[in-house]
Amino acid sequence: AHVHWQLLCESYLSLLCVVSPAGSVRVTPLNTTEDNGATTTFTCTASGGPDNTIVWIRGADVSSAGSGSGFDSSAFLQQLTTISSGPNLTISSIDATQDGGMYTCVVVNQAGQDSANVTLYVRPLIVEQPQDQLTREGDSVTLSCRADSFPSPLYQWEKYNTTSGSYYQLPGETNHTLVFGSVDFDDFGDYRCVATAPVIGDTDTSDNATITGECV
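Below is a summary of the structure that appears in this document.

Another point: the nonpolar core. Counting 18 residues, the largest nonpolar core has Val27, Phe42, Cys44, Trp56 and Cys105 as the members making the most contacts within it. Elements with a contribution of two residues or more to this core: strand E5 (40-45), strand E6 (53-58), strand E8 (88-91), strand E9 (101-109) and strand E10 (112-128). Among the elements that take part in this core, E10 stands out by supplying four residues, more than any other. In terms of nonpolar packing, the next biggest core, distinct from the first, is built from 16 residues, Val141, Cys145, Leu178 and Ile211 among them.

Quick look at the structure:
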């Protein structure tokens with residue numbers, strides 16, 4: 001593709017030309033999917049210059065900022081809430097809730113600025129397992145399951161079918177809790193929840209939780 005370079009030239013004893021980074025900013029990898037607890041690195045490159053300043057921010061769109069002879073690079077940089085400086089952004093011990101989402105690399109010089117966005121997706125990890133329940137018929141029982149992912153997980157509860165030897169989905173049970181207002185004999189059995197991260201489709205499955213009847 002043809003790139004239109006913006007030039008800012010000042011005449012002192014010699015001619016100094018600064019080339020805007022507009023249209024040249026690239027980040028690799030473009031998007032990535034990682035596990036909770038992993039480490040990943042994004043690398044930002046750009047043409048233009050000299051004296052490019054590279055900074056990273058969280059999920060902001062700065063593409064509408066100005067450029068050219070009236071561009072104030074120092075004032076522009078002061079408006080940004082940067083999380084890192086330099087071409088490489090390393091995220092260690094990834095936590096989906098805190099770290100998942102979009103990151104923006106911003107490249108600035110006296111002639112202008114440009115940016116590129118990337119998204120860090122995080123696979124689901126069950127962080128709260130459902131617990132076995134010993135109960136009586138007629139009692140209220142709640143199983144709870146929570147996962148951490150980016151995007152935030154969707155839940156589906158399943159019950160074990162002793163006849164088929166496999167789990168089947170419980171229609172409509174898509175909350176992180178599975179609630180029995182008044183448990184009966186047919187509710188006794190083994191349950192689990194499956195957490196799915198939208199967009200990437202990765203899943204994690206909880207441990208089994210057994211609801212059993214207490215002898216009277």
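Counted under the stated rule, the structure contains two disulfides. The residue that forms a disulfide with Cys44 is Cys105, at a sulfur-sulfur distance of 2.0 Å. Between Cys44 and Cys105, the disulfide has an S-S torsion of -80 degrees and is therefore left-handed. Of this pair, Cys44 sits in strand E5 while Cys105 sits in strand E9, and the two are 61 residues apart along the sequence. Of the two residues, Cys44 and Cys105, neither departs from the other in class, the shared state being buried.

With that settled, consider the packing of aromatic side chains. Aromatic rings in a pair are described by how distant their centres are and how their planes are angled relative to each other. Applying the stated criterion across every chain yields a total of six aromatic pairs. With 6.4 Å between their ring centres and 35 degrees between their planes, Tyr121 and Phe150 make a pair best called tilted. Note that Tyr121 is positioned in strand E10 and Phe150 in strand E13 (residues 146-150), a separation of 29 residues in sequence. Residue class for Phe150 comes out partly exposed when judged on its relative accessible area of 26%. Here Arg58 stacks its cationic end above the ring of Tyr103, 4.3 Å away from the centre of that ring. One cation-aromatic arrangement involves Arg192 over Tyr167; the distance from NZ or CZ to the ring centre is 3.9 Å.

About the criteria used
- Residues numbered from 1 in each chain as written.
- Predicted model: local features only at pLDDT ≥ 70, side-chain atom pairs only at ≥ 80, totals over all residues.
- Heavy atoms only, no water.
- Core = buried A, V, L, I, M, F, W, Y, C linked by side-chain atoms within 4.5 Å.
- Buried < 20%, exposed > 50% of the residue type's maximum accessible area, 1.4 Å probe, protein only.
- Helix = DSSP H or I, 4+ residues; strand = E, 2+ residues; numbered from the N terminus.
- Disulfide = S-S within 2.5 Å.
- Phe/Tyr/Trp six-rings, centres within 6.5 Å; stacked < 30°, edge-to-face > 60°.
- Lys NZ or Arg CZ within 6 Å of the ring centre and 35° of its normal.

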